[in-house]
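# Coordinates in review
Chain by chain, the residues:
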Amino acid sequence: MKIEQIEIRRIELPFVAPFETSGWREYANHSLIVRLSAEGAEGWGEAPVGMGPWYNEETQSTAWAMAREYLAPMLLDGELSRPEEVDARFERVRGNRIARSGFEFAAWDLFGRLEGRSLSQMLGGTRERVEVGVSVGVQPDIDSLLRVVAGYVEAGYRRVKLKIKPGWDLEPTRAVREAWPGLLLQVDANSIYSLDHAEHLARLDAFGLLLIEQPLAHDDIIDHAKLQRRLMTPICLDESIVSPDHARWALELKACRVINIKPSRVGGLTAARRIHAMAAEAGVPVWCGGMLETGIGRAANVALASLPNFSLPGDISASDRYFQRDVVANPFMLNPESTLSVPTAPGTGVVVDEAFLDSVTLEKVIVAR
Ligand code: OSB
Ligand code: MG
């Protein structure tokens with residue numbers, strides 16, 4: 001197949017509420033949306049970069065430049081016979097994996113739509129529904145936090161992740177644990193602590209957490225291995241695992257007992273599936289993380305989470321947890337039992353609401369052969 005045309009747009013879609021982590025705040029989804037055209041079909045992908053370089057090095061501006069100057073021309077150049085080839089095509093590009101992932105997702109969607117196969121089917125998914133939770137940002141005070149968590153619990157979420165940072169860790173975790181003793185609970189520090197905090201972090205062991213996500217530096221594996229030996233609670237790596245090799249290093253060094261797989265962080269579904277297989281082999285559970293995606297990116301996450309070793313609930317909440325209105329006409333809705341349904345229609349299965357997508361598009365370019 002020859003990709004005939006690539007449309008790239010950068011969007012701004014406001015969140016229902018700002019999302020605050022240990023180091024930054026997001027007010028809106030600032031992703032890139034990629035549309036590939038070939039053989040009369042289309043494939044859509046989302047590169048869920050944030051506004052600034054706070055999660056990783058990428059921003060909407062860097063992804064926009066990478067996409068136009070390198071990624072789109074590289075994908076138009078030559079033939080593509082399988083979506084797995086996109087990862088190899090972009091191998092020469094250093095970093096910029098979230099930008100790369102938008103094109104990779106779109107290629108999977110395109111092939112799926114042409115072949116009449118759902119993305120879950122193409123990836124080897126084994127579930128019709130995936131368990132999900134909700135990631136709760138830093139709140140102004142404990143009362144607000146309890147109100148926000150209560151809202152999600154009432155909506156049907158059975159697993160909650162709290163964003164933590166120094167000064168907002170033990171107390172909020174204790175308060176939520178005391179209010180909901182049976183809730184599946186975990187925390188995410190987004191790289192804010194150092195090994196000097198080991199003793200402090202060990203106090204989280206008292207709260208029966210599923211895991212502590214990325215306590216130490218975004219590019220560290222060694223110190224996490226040292227910290228894991230001092231904690232009962234499993235460490236889960238997010239930021240540090242940017243490729244299958246990084247997953248292998250972390251597994252070998254026992255830097256974590258759980259891995260958060262975000263297909264966008266690792267450049268796409270091909271690398272994500274490889275990490276899933278490596279973790280399964282090592283007996284390490286994985287779960288699917290999120291980047292506050294629109295329905296387009298969410299669909300790739302849901303399909304991935306239908307693979308067998310995704311044994312913990314994902315950060316893949318329903319569309320209405322993020323947006324008043326999603327850019328797809330069939331937004332994701334929460335089922336009873338805290339699950340989302342895995343689409344069965346060809347490709348990602350989402351129906352892009354183009355008129356609404358246009359209304360949140362800041363800039364759009366078309367690159368053709
Ligand atoms: O660290 O998992 C994270 C959102 C943006 C960037 C990083 C992270 C997150 C989340 C939200 O925790 C997950 C989601 O609901 O999409
Ligand atoms: Mg995280």
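Refer to the structure presented above.
Source: prediction; values computed, not measured.

## As for the pattern of salt bridges
Applying the stated criterion to the full structure yields 27 salt bridges. For the salt bridge of Arg10 with Glu363, the shortest nitrogen-to-oxygen distance reads 2.7 Å. Taken together, the residues span a long stretch of sequence, with Arg10 in strand β1 (residues 5–11) and Glu363 in strand β15 (residues 361–368) at a distance of 353 residues. The class of Arg10 is partly exposed, set by a relative accessible area of 21%. Among the residues examined, Glu363 registers a relative accessible area of 32% and is labelled partly exposed. Residue Asp109 pairs with Arg113 through a salt bridge whose shortest N-O separation is 2.8 Å. You can see Asp109 and its partner Arg113 sitting in helix α3 (residues 97–115), four residues apart, about one turn around the helix. Several salt bridges converge on common partners, so that one network encompasses Glu7, Arg9, Arg35, Glu42, Glu354, Asp358 and Lys364.

## Focus on the side chain of Ser135
Within the fold, Ser135 resides in strand β7 (residues 134–136). When its relative accessible area of 10% is taken as the criterion, Ser135 is described as buried. With residues up to four places along the chain from it excluded, the contact list for Ser135 reads Phe19, Arg159, Lys161, Lys163, Asp315 and Arg321.

## Focus on the sheet that holds β7
Across the sheet, which stays open at both edges, the seven strands sit in the order β7-β8-β9-β10-β11-β12-β13 with parallel pairing between neighbours. Looking at the sheet topology across the chains shown, the edges are occupied by β7 and β13 (286–288). Both β7 and strand β8 (residues 159–163) contribute to a ladder of three bridges, which runs parallel. Looking across to β8, one finds that Val136 is bridged to Leu162. This element, helix α5 (residues 142–155), spans β7 and β8 of the sheet and lies at about 170° to β7.

## As for the site of ligand 1
What surrounds ligand 1 is a group of 16 residues, the closest being Ser135, Lys163, Asn190, Leu292 and Tyr322. In this structure, Lys262 approaches ligand 1 through a side-chain N or O atom, which is 3.0 Å from an oxygen atom. Interatomic distance of 3.3 Å between a backbone N/O atom of Met291 and an oxygen atom of ligand 1. Taking 390 Å² as the accessible area of ligand 1 by itself, protein coverage stands at 99%. Per-class residue counts for the shell around ligand 1 are six nonpolar, three polar and seven charged. A domain-level breakdown of the shell around ligand 1 finds at least three residues from each of domain 1 (5–116 + 350–368) and domain 2 (121–341).

Rules behind the numbers
- Residues numbered from 1 in each chain as written.
- Chains lettered and ligands numbered in written order.
- Predicted model: local features only at pLDDT ≥ 70, side-chain atom pairs only at ≥ 80, totals over all residues.
- Heavy atoms only, no water.
- Salt bridge = Lys/Arg side-chain N within 4 Å of Asp/Glu carboxyl O.
- Helix = DSSP H or I, 4+ residues; strand = E, 2+ residues; numbered from the N terminus.
- Buried < 20%, exposed > 50% of the residue type's maximum accessible area, 1.4 Å probe, protein only.
- Contact = heavy atoms within 4.5 Å.
- Pairing = 2+ DSSP bridges.
- Axes fitted to C-alpha atoms, helices over the stretch in contact; angles between N-to-C directions.
- Near = heavy atom within 4 Å.
- Polar contact = N/O pair within 3.5 Å; in protein donor to acceptor, adjacent residues only side chain to side chain.
- Areas by Shrake-Rupley, 256 points an atom, 1.4 Å probe, with all protein chains shown as cover.
- Nonpolar A, V, L, I, M, F, W, Y, C, P; charged D, E, K, R; others polar.
- Domains from an automatic or database assignment.

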